[in-house]
Amino acid sequence: MAVIASTIESALEAIADGCTLAVPRENSGVAMEATRALIRRGIKNINLVALPTSSLQADLLIGAGCLASLETSAVSLGEFGAAPRFTAAMTSGTLTLKDSTCPALHAAFQASEKGIPFMPLRGLVGSDLTKHRPDWQFIDNPFGDNDPIVLLPAIKPDVALFHAPMADRSGNVWIGRQRELGTMAHASTKTIVTVEKIHDGDLLADPILAAGTLPGFYVDAVAVVPRGAWPLPLPDHYAADGEHLAEYARMAATPDGFQKYLAQHVHDRRAA
Amino acid sequence: MTAAQPEFRPEELLSSVIAELIGDVRHVAVGNASPIPATAALLARERGKGRPYVSLLQSRKHNFFTDGGRELFDCAGQGRIDVFFLSGGEIDGEGNVNLVSIGEHDHPKVRFPGSFGSGYLYYVVPKVILFRTEHSRRTLVSKVSFISAPGTSEPNVYRHGGPIALVTNRCVFSFDKAKKRFALASVHPGHSVEEVVEHTGFEFDRAAQVPFTSAPDADALRLMRETVAPELAEIYPQFAQSVFGVKIVA
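(A) Layout of the packing of aromatic side chains. This model, assessed by the stated rule, comprises 13 aromatic pairs over all chains. Each ring, one from Y248 of chain A and one from Y261 of chain A, has its centre 4.8 Å from the other, and the planes form 80°; the classification is edge-to-face. Placement of the pair is Y248 of chain A in helix 8 (residues 242-251) and Y261 of chain A in helix 9 (residues 255-267), with a sequence separation of 13 residues. Considered together, Y248 of chain A and Y261 of chain A belong to a single accessibility category, that of buried residues. Arranged with centres 5.5 Å apart and planes meeting at 55°, the rings of F173 of chain B and F202 of chain B form a pair that is tilted. Taken together, the residues F173 of chain B in strand 11 (residues 171-176) and F202 of chain B in the loop between helix 5 (193-199) and helix 6 (218-232) connect sequence positions 29 residues apart. Note on accessibility: F173 of chain B and F202 of chain B belong to one class, buried. Taken together through their ring pairs, the aromatic side chains of F173, F175, F182, F202 and F204 of chain B make up a single cluster. Positioned above the aromatic ring of Y238 of chain A, the side-chain terminus of R227 of chain A is 4.4 Å from the ring centre. Residue placement shows R159 of chain B over the ring face of Y123 of chain B; its charged tip is 4.7 Å from the ring centre.

(B) Seen up close, the environment of E196 of chain A. Residue and element names in this part refer to chain A. Looking at the secondary structure, you find E196 in strand 13 (residues 190-199). Spatially, the C-alpha atoms of E196 and P226 are 4.3 Å apart, while their sequence positions differ by 30 residues. For E196, the side chain forms a polar contact with the main-chain nitrogen of R227, separated by 3.0 Å.

(C) Structural detail: helix 2 (residues 35-47) of chain B. Residues and elements named next belong to chain B. Taking 1.5 Å of rise per residue, the 13 residues of helix 2 would be expected to cover 18 Å, and the 18 Å separating its terminal C-alpha atoms lies within 8% of that figure. With ten of 13 residues buried, helix 2 is to be regarded as a mostly interior element. In the stretch just after helix 2, K49 is the one whose phi turns positive, near 50°.

Procedures and definitions
- Residues numbered from 1 in each chain as written.
- Chains lettered and ligands numbered in written order.
- Predicted model: local features only at pLDDT ≥ 70, side-chain atom pairs only at ≥ 80, totals over all residues.
- Heavy atoms only, no water.
- Phe/Tyr/Trp six-rings, centres within 6.5 Å; stacked < 30°, edge-to-face > 60°.
- Helix = DSSP H or I, 4+ residues; strand = E, 2+ residues; numbered from the N terminus.
- Buried < 20%, exposed > 50% of the residue type's maximum accessible area, 1.4 Å probe, protein only.
- Lys NZ or Arg CZ within 6 Å of the ring centre and 35° of its normal.
- Polar contact = N/O pair within 3.5 Å; in protein donor to acceptor, adjacent residues only side chain to side chain.
- Expected span 1.5 Å × (residues − 1).

In structure tokens:
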């Protein structure tokens, strides 16, 4: 049963150094304040899996030296350009990256969701992505004839972490149409969620709300963090803070500028 | 008598060309950071009186998906997406796209964001329109350093999709799957065949006479400026303002 944590730090206790951590794409509800809290704690050697892409979150964790590896199909700041710390880490050869493609990540999470060891996927035959993924295997479709198809091993993260609009006191979390957040929670051993607010009442009692609710059964900890996705957007609630993201892109372009950004916006900032 | 040719911007030319390439289909999906393909898709929908369905992935309004991030890919796998757009840090003469890196994969000279959905969608969407505004020997190369997704596949590979065309800021190439090769289909007004040859790093076919790309007609310009531009502002406010003069509402 989920616990409504009194502090963001206590909610994040299950995210230990060296764990495999699943996070959602940049416009799906990224727990950015929780990410800053993890960096303040000095978290290390995280194997980050982005479902299926990431932006500021991965770039910050890379720049702050928190990652052992990253699995994703892309890291970019979108209209604010390349993700500077990701790009620098790649070109200096310091980041272990498992390059993927979006549906491969979705499918591998679905395998864990179903409790099966792998999922087949179309595409990828002849892509150089497969040369760098010894964990992906090709077989001949057993129901076809001379039909190569790739098998992707299930991704089973230790912890899923995301930000959502609201939770009730039983830890049921309303995710709306961001269904990949449910997939992440089903696939992961533990799930930690930050929310904008607590909903008075039972989210599962109302069928309209229940259809967009991740049951507290899957949720281990909830912390209330208003504007917890800032400066990234929370769908249907608030937009990205473009001015701040542009400032990040400017500052993170150099190692010194990035350290200044960390000092100003991560270490000197506390959860609201 | 012919009416005077209306003035238009390069983005309007590219959008109207892409709208023509989309043709009469049921569903066009547009990925992230693609304002010109989004303009084209919405223009095609206006001209088709509501057909095709248009899914702009970043949009709340022009996006009917309710099953999470996987639905786009599942929808494509079911054969329910007819047109998609891909770009590349590099694109080569066989239609291979590179969204990953130049140089050694684990220690590259240049790193791009990553493959996104290309390693799948290129295989399953029947009409993939390649779009790269920067037309140079740096971007259009004889052979990509890394194949995120190949232009063609062996006959035994499940492949219902692939490139049909490549649109740049200088011209339109069509793609011939059997020949694994592009052909110069048209050159944009103000550009020349010689210029295209000079700035293209791969070899391509061309007829003795290459036509100019058709300019957008008055109706297309009116629809883009009056109807499409305000819709674009939801997800591309900077683009809608700089190209169409839509005011940004904070």
